[in-house]
Amino acid sequence: MNEFELIARYFSRPPRDTGFVAQAGGDDCALLSLGDRQLAVTTDLLVEGRHFLPDVDPAALGHKVLAVNLSDLAAAGATPRCFFLALALPRVEPAWLDAFSAGLYALADTHACVLAGGDTTRAAPVAQGQGPRTVCITAVGEVPAGLAHGRAGARPGDDLWVSGTLGDAALALAHLLGQVELAPAALAQVRPRLERPPPRVALGVALRGLATACIDVSDGLAGDAAHIAARSGVQLEIDTAALPVGAVLGAQPERLRLRCALAGGDDYELLFTAPPQRRAQVQDAARAAGVAVSRMGRIRAGLGVRLLDAAGQPLSAGWRGYDHFDPDPATEATDP
């Protein structure tokens, strides 16, 4: 049973029709109705050893744990307003906490997002020693009623777009896990994308009324594209030759390059669809947000995700996105 089957089987049911919960599971954010506006709410749990390495820079971790939530708000087109922090620690380490909170607050201040509360506890002991550090953030944003993005609006004929570049975070992780070897200068270029991803909040807001569907690329492009396909009842056709990658990843062997860009995860870019007649407006929105966007596919009638090579032929490799219950997800995503 994978992560999404588990959620569907045990924790998915239609909400009671109270008029308050406008959108529950199945998207990056839940939507709560408040008259002419809606609150977008998202939560993410990060566990040491699963989502971050034990020796990670705590300031970078503070940035990332909030960034992954702000990325969900961006996918919904919501403006961040506040967040809640729950933290389990094996012990109190003042120097670690100083750096962690500094990284957390620096990103929060950038987006005027206020820490509104939370909880702290001591991690339970485990056989090998103290329990892992665990961080859970719930973030709340605001969007005008009717303008939130979801995953269910893609239509045949729409263009498929993605922001920024893909795969750098996965390449950096592959190096840190000893699966590939990067020169120091190359690692310095890609490691920030793993440890300090920039949430595309301004772009998400700028795409209100333009994007027909949107998701943030957190678990790998191929897997997240499949979520749009399933929710919209369409097929996403991706031109792999048009995938935007940076110089370091672009210099890697093709198989590694495609694995990182399609299945690596941790990109936190926005994957979205829009009608062809909106291309100029999409580009204008991207320029206003200060981030590049690339048109690298299209929406067809059908179901699922279809990957095409440079000659327009289907790729046979079955890359998939990250799954928390995959027996070996890290090597699946990055093994060259």
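Please refer to the structure higher up on the page.
Throughout, a residue's number is its position along its own chain's written sequence, starting from 1. Predicted model: local features are reported for residues with pLDDT of at least 70 only, side-chain atom pairs are reported and counted for 80 or more only, and whole-chain, interface and lining totals are derived from all residues. Side-chain metrics in this entry use all non-hydrogen atoms of the structure; hydrogen atoms and water are not considered.

A short note on the overall build of the protein
Looking only at helices and strands, the protein has 11 helices and 12 strands in total. Per-residue burial for the protein yields a buried fraction of 50% across its 336 residues. Contact between two residues is taken to exist if any of their heavy atoms lie within 4.5 Å; hydrogens are not considered. Expressed as a percentage of contacts within the protein between residues at least 6 apart in sequence, the contacts between residues at least 24 apart total 82%. Note on areas: these come from Shrake-Rupley sampling with a 1.4 Å probe, and a residue is covered only by the protein chains present in the view. With the model as given, the accessible surface of the protein reaches about 15000 Å², and the carbon-plus-sulfur share is 54%. For the purposes of this entry, the term helix denotes a DSSP run of H or I that reaches at least four residues, the term strand denotes a run of E that reaches at least two, and both are numbered from the N terminus. Accessibility here uses a 1.4 Å probe with only protein chains present; expressed as a share of the type maximum, an area under 20% marks a residue as buried, one over 50% as exposed, and anything in between as partly exposed.

Points about the environment of leucine 173
The residue leucine 173 is located in helix α4 (residues 168-176) in this model. The class for leucine 173 is partly exposed, based on a relative accessible area of 21%.

A closer look at α4
Of all nine residues that make up α4, seven are buried, and the element is covered over most of its length. Of all the residues in α4, the buried ones are Asp168, Ala169, Ala170, Leu171, Ala172, Ala174 and His175. Taken from the residues just after α4, glycine 178 is the one with a positive phi, measuring 80°.

Describing the nonpolar core
Grouped together as the largest cluster of nonpolar side chains are 47 residues, with contacts concentrated most on Val65, Leu66, Phe83, Phe100, Leu104, Ile137 and Phe272. Secondary structure elements with two or more residues in this core: β3 (37-47), α2 (58-76), β4 (79-89), α3 (94-110), β6 (134-144), α6 (201-206), β10 (269-274) and α10 (279-289). The element best represented in this core is α2, accounting for 10 residues. If we skip the residues at most four places from it in the chain, phenylalanine 83 touches Leu66, Leu104, Ala108, Cys113, Val114, Leu115, Ala116, Gly117, Ile137, Thr138 and Ala139. Definition of nonpolar core: a set of buried residues of the types Ala, Val, Leu, Ile, Met, Phe, Trp, Tyr and Cys, connected through side-chain atoms within 4.5 Å. Among the nonpolar cores identified, the runner-up in size contains 23 residues, and Val234, Leu236, Leu243 and Ile299 belong to it.

Quick word on the sheet that holds strand β12 (residues 304-308)
Strand order across the open sheet formed by six strands is β8-β10-β7-β11-β9-β12, with mixed pairing between neighbours. The two strands at the open ends of the sheet, each matched to only one other strand, are β8 (213-217) and β12. Averaged over neighbouring strand pairs, the angle between their axes works out to 25° when direction is ignored. In the sheet, β8 pairs with β10 via five bridges, with the strands oriented antiparallel. Bridging from a neighbouring strand, isoleucine 215 pairs with leucine 271 of β10. For helices, the fitted axis covers only the stretch in contact; all axes are lines through C-alpha atoms, and the angles between them, taken along N-to-C directions, range from 0 to 180 degrees. Running over the sheet, α2 touches β8 and β10 and is turned about 165° from β8. Seen against the sheet, helix α7 (residues 221-232) touches β8, β9 (235-239), β10, β11 (293-300) and β12 and runs at an angle of roughly 155° to β8. A pair of strands is labelled paired if DSSP reports no fewer than 2 bridges between them.

Notes on the state of the cysteines
Cysteine sulfur atoms are paired as a disulfide whenever they fall within 2.5 Å. Inspection of the entire model under this criterion finds zero disulfides. The thiol of cysteine 82 is not disulfide-bonded; the next cysteine sulfur, from cysteine 113, is found 6.3 Å away.

Some details on helix α9 (residues 254-263)
In terms of residue burial, α9 counts as a mostly covered element, since seven of its 10 residues are buried. Every buried residue of α9 is accounted for by Leu256, Leu258, Arg259, Cys260, Ala261, Leu262 and Ala263. One or two steps after α9, the chain reaches glycine 265, where phi turns positive at roughly 80°.

Some thoughts on the pairing of β4
Note: β4 against β6, nine bridges, orientation antiparallel. For threonine 79, the partnering residue across the bridge sits in β6 and is glutamate 142. Judged from the eight bridges that link them, β4 and strand β5 (residues 114-122) form a sheet pairing that is parallel. Looking across to β5, one finds that alanine 86 is bridged to aspartate 119. Handedness of a crossover is defined as follows: with both strands directed away from the viewer, a clockwise route from the first strand across the helix to the second makes it right-handed. Following the backbone out of β4, through α3 and into the adjacent parallel β5, one traces a crossover that is right-handed.

Some details on the pattern of salt bridges
Pairs can form between side chains of opposite charge whenever their charged atoms are close. Salt bridges are defined by distance alone: a side-chain nitrogen of Lys or Arg within 4 Å of a carboxyl oxygen of Asp or Glu. Considering all chains together, one arrives at 18 salt bridges under this definition. Taking the shortest distance from any N to any O, the salt bridge between aspartate 159 and arginine 279 comes out at 2.6 Å. Residue aspartate 159 is located in strand β7 (residues 159-163), and its partner arginine 279 is located in helix α10; the two are separated by 120 residues in the primary sequence. Connected via shared salt-bridge partners are Glu237, Asp239, Arg298, Arg300 and Arg306.

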